[in-house]
Amino acid sequence: MKIRYCWRCRMDVPMLDSEEGKIASKLLAEGFQESKRLKKHVPENFKKLLDYYNGLTGFEETNPNAIMHHFINLYGPDCENCGKPYRTETATFCPKCGNKRKG
Ligand SMILES: [Zn+2]
Ligand SMILES: [Zn+2]
């Protein structure tokens, strides 16, 4: 787990590393199965995922959709200039400060 800036949330959030992401993806899938079984899509179905994420991060996240995009490997490395992550692995410039990424 690492605190990184999230472009969608527009704030620093705890992001999951690849090992944690694997576990979270599994719990997420279980949540979707639960939604299917109960025929309703409610955050309670994702309680295991929320508990895992919140236990790990000390956060009190209640929205499973937010966790789905808080995986470190969805984003690029940090910008050399301002430290915000590039939006993708292949991004060529930083949308925050306009810094051109060094090859
Ligand atoms: Zn976010
Ligand atoms: Zn930047």
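To start, this report covers the structure provided alongside it. (Residues numbered from 1 in each chain as written. Chains lettered and ligands numbered in written order. Predicted model: local features only at pLDDT ≥ 70, side-chain atom pairs only at ≥ 80, totals over all residues. Heavy atoms only, no water.)

Some details on the side chain of Thr57
Logical step 1: Position of Thr57 among the secondary structure elements: in helix H2 (residues 47-57).
Logical step 2: For Thr57, a relative accessible area of 15% gives the class buried.
Logical step 3: A distance of 2.7 Å separates a polar atom in the side chain of Thr57 from the backbone oxygen of Tyr53.
Logical step 4: Those residues in contact with Thr57, other than ones at most four positions away along the chain, are Met1 and Pro14. (Helix = DSSP H or I, 4+ residues; strand = E, 2+ residues; numbered from the N terminus. Buried < 20%, exposed > 50% of the residue type's maximum accessible area, 1.4 Å probe, protein only. Polar contact = N/O pair within 3.5 Å; in protein donor to acceptor, adjacent residues only side chain to side chain. Contact = heavy atoms within 4.5 Å.)

With respect to unusual backbone geometry
Logical step 1: Of note, Arg10 is a non-glycine position whose phi angle comes to about 55°, a positive value.
Logical step 2: Here Arg10 lies in the loop between strand S1 (2-6) and strand S2 (11-15).
Logical step 3: In this structure, Lys39 is a non-glycine residue whose phi angle is positive, near 55°.
Logical step 4: Note on Lys39: relative accessible area 73%, which makes it exposed.

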